[in-house]
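# Fold and contact review
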Amino acid sequence: MTTAPIVEIDGVTKRFGATLALDAVTLTLGSGVTGLLGPNGAGKTTLIRVLSTAEAPGSGSIRVLGHEATGRLAERTRVRRLIGYLPQEVGFPRGMTAFSFLDYIAVLKEWDDTAARHAEVRRALGLVDLSDRASSRVRTLSGGQRRRLALAQAFIGDPPLLILDEPTTGLDPEQRAGLRGVLSERGAGGAVLLATHQTEDVAALCERVVVLADGRIRFDGTVADLVATAAGQVWLSEEEVPGARMSWRTGTGRVRSIGGTAGPGAEATEPSVEDAYLLMLGHRPEPLEEAA
Amino acid sequence: MSVRGGHADEALLLRYRDDACDPATAASVEAHLPTCEACRARLAGLGRAPVVDVAWGRVVAAIGTPEPSPAVRLMRRMGLSEADATLLRAARSLDGSWTIATIAVVAFAALAAIDGGSSGRALYLLVAPLLPVIGVVVAFSSSDSLADLISATPYPKARLALLRTAAVCAASVPLVIAFGAAVPPIGWLAVGWLMPALALTTLTLAAMTWIRPATAGGAAGALWLLIVAAAFATDDVGAAVASGPALGYALVSAVAAACLTVRLKSAHEPGGPR
């Protein structure tokens, strides 16, 4: 989908001590759902936090619908009115119900009129299928329900830019499918940036995918283009093919190999988003903790 | 109720739409509608009278909007707006465990002074002004589980800062004064700490526009520790809050408040992005 840019990120760099979390990242987002993939420590969360204005970049600029997210407070405030942000982790204040949590966030989003705010909270609860848990204390909700509640606050006010860090973590397949429906609707009218480890979410939901590694953009294109980078490099065979970057025995008993060259009896198979992503990053152990 | 396969039939829905059902039947329809999306959709398709729409909206709002919590109701009775009460309801430094911790610390400090020794009075004087400071730091600490989320909302952080600070002080100051007044050896120190508390809290808030809340609070705490220790060394704890130093605290408060105002106007938020 080609549209006027909603987000323009230009040369954004962020350093934490000796670690360069973002290295001159330049990215433009129009309407639609964009997947942000990358291993732990790649800089995804830093990019998400910088874009959401929760963290200031070291250098570079970010514009959201023409407003400077890195500018003066008035400009930053205008940007904040345009975004819905789901951090990777959301802690809920003690003793709150699902409704009162969203009510609290809605006040912070400048919904001053009580009746209108309560109606908006009910709408957001409905979007994540939690209407029947409005009066439930957050601590009594399951992990998936809490994640959906955290996501619901991002929907308050129906902002044109949604910045979501791992929104599907802890959701069961049915909930994830439901959430995809909600996000694709949001993507029809605005921009959704979805940082995730779930390549199946990217395959099912995103028109575009950005792969971040070591603070730099390694790939930016359509999901089909990403998959195409692995064409002819994924094999099914009885044994691992020579030079494979990664391989595993599947449920059918055959070995799926990514990369390498075809050995005897190996047949090329259709690559998935995950195959292409793994091939792009290469086979290497991931650090245990995100750098930022 | 005329039901086919567990649903209200069209004739019944039409009568209900036109308010022509007897009360018992209408009550049955109303009990069924919230649980049946199909019947609601069919009723909507029949073109509900506007009065029904309004009534339905009220029912949905009433069912879907829980009562405000006792804490919010209490704050509203104290004169806070509904939005401000909703904001303060979530402040970690105002929850029950914080209040219990404050009571425990103040009680300990006040009881330590009960024998009239200068070390006990010094402990009370050391602790009293730091409680509001700690409350403010906790309210803005990056370890606040919602700090990330809050910083990305458009709500004016300066207002939030002042609201939280006022609430923290309202929650802790009366407690500290009450405990101090209840222990005779503490004497006028029970209110003497108020001026340094104002200076330290304002200073911490202003510093938080440059540095992280915990660092700002730690620096303010260290500064106050030095002042109380110096007074304790002269065997006159009250000297730390005598009229001379009190003027100094007033001056520091004024300068810090002016500094905070300037910083807030130029886009810097306590606990905001660094």
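Read on for an overview of the structure. Bear in mind the structure is a predicted one, so any value in this text is a computation, not a measurement.

## Observations concerning the interface of chain B and chain A
At the junction of the two partners, chain B supplies 32 residues and chain A supplies 40 residues. Between chain B and chain A lies a buried interface of about 3,100 Å² when both sides are counted; carbon and sulfur atoms form 59% of it. Counting every contact that joins chain B to chain A gives two salt bridges. The partner of Asp148 of chain B in a salt bridge is Arg49 of chain A, with the nearest N and O atoms 2.4 Å apart. There are six residue pairs in polar contact (both at pLDDT 80 or more) connecting chain B and chain A.

## Observations regarding the packing of aromatic side chains
Summed over the entire model, instances satisfying the criterion amount to two aromatic pairs over all chains. Plain terms: the ring middles of Phe92 of chain A and Phe101 of chain A are 4.8 Å apart, the flat faces sit at 70 degrees to each other, and that makes the pair edge-to-face. Just as Phe92 of chain A is buried, Phe101 of chain A falls in that class too. Judged by centre distance (6.0 Å) and plane angle (70 degrees), the ring pair of Trp224 of chain B and Tyr249 of chain B falls under edge-to-face. Here the residue Trp224 of chain B occupies a position in helix 13 (residues 213-233), and Tyr249 of chain B occupies one in helix 14 (residues 243-265), the gap between them amounting to 25 residues. An identical accessibility class is assigned to Trp224 of chain B and Tyr249 of chain B; each is buried. Over the ring of Phe155 of chain A we find Arg186 of chain A; its NZ or CZ atom is 5.5 Å from the centre of that ring. Residue placement shows Arg263 of chain B over the ring face of Trp210 of chain B; its charged tip is 3.9 Å from the ring centre.

Cut-offs used in this document
Residues numbered from 1 in each chain as written. Chains lettered and ligands numbered in written order. Predicted model: local features only at pLDDT ≥ 70, side-chain atom pairs only at ≥ 80, totals over all residues. Heavy atoms only, no water. Contact = heavy atoms within 4.5 Å. Buried area = accessible area lost by both parts, 1.4 Å probe. Salt bridge = Lys/Arg side-chain N within 4 Å of Asp/Glu carboxyl O. Polar contact = N/O pair within 3.5 Å; in protein donor to acceptor, adjacent residues only side chain to side chain. Phe/Tyr/Trp six-rings, centres within 6.5 Å; stacked < 30°, edge-to-face > 60°. Buried < 20%, exposed > 50% of the residue type's maximum accessible area, 1.4 Å probe, protein only. Helix = DSSP H or I, 4+ residues; strand = E, 2+ residues; numbered from the N terminus. Lys NZ or Arg CZ within 6 Å of the ring centre and 35° of its normal.

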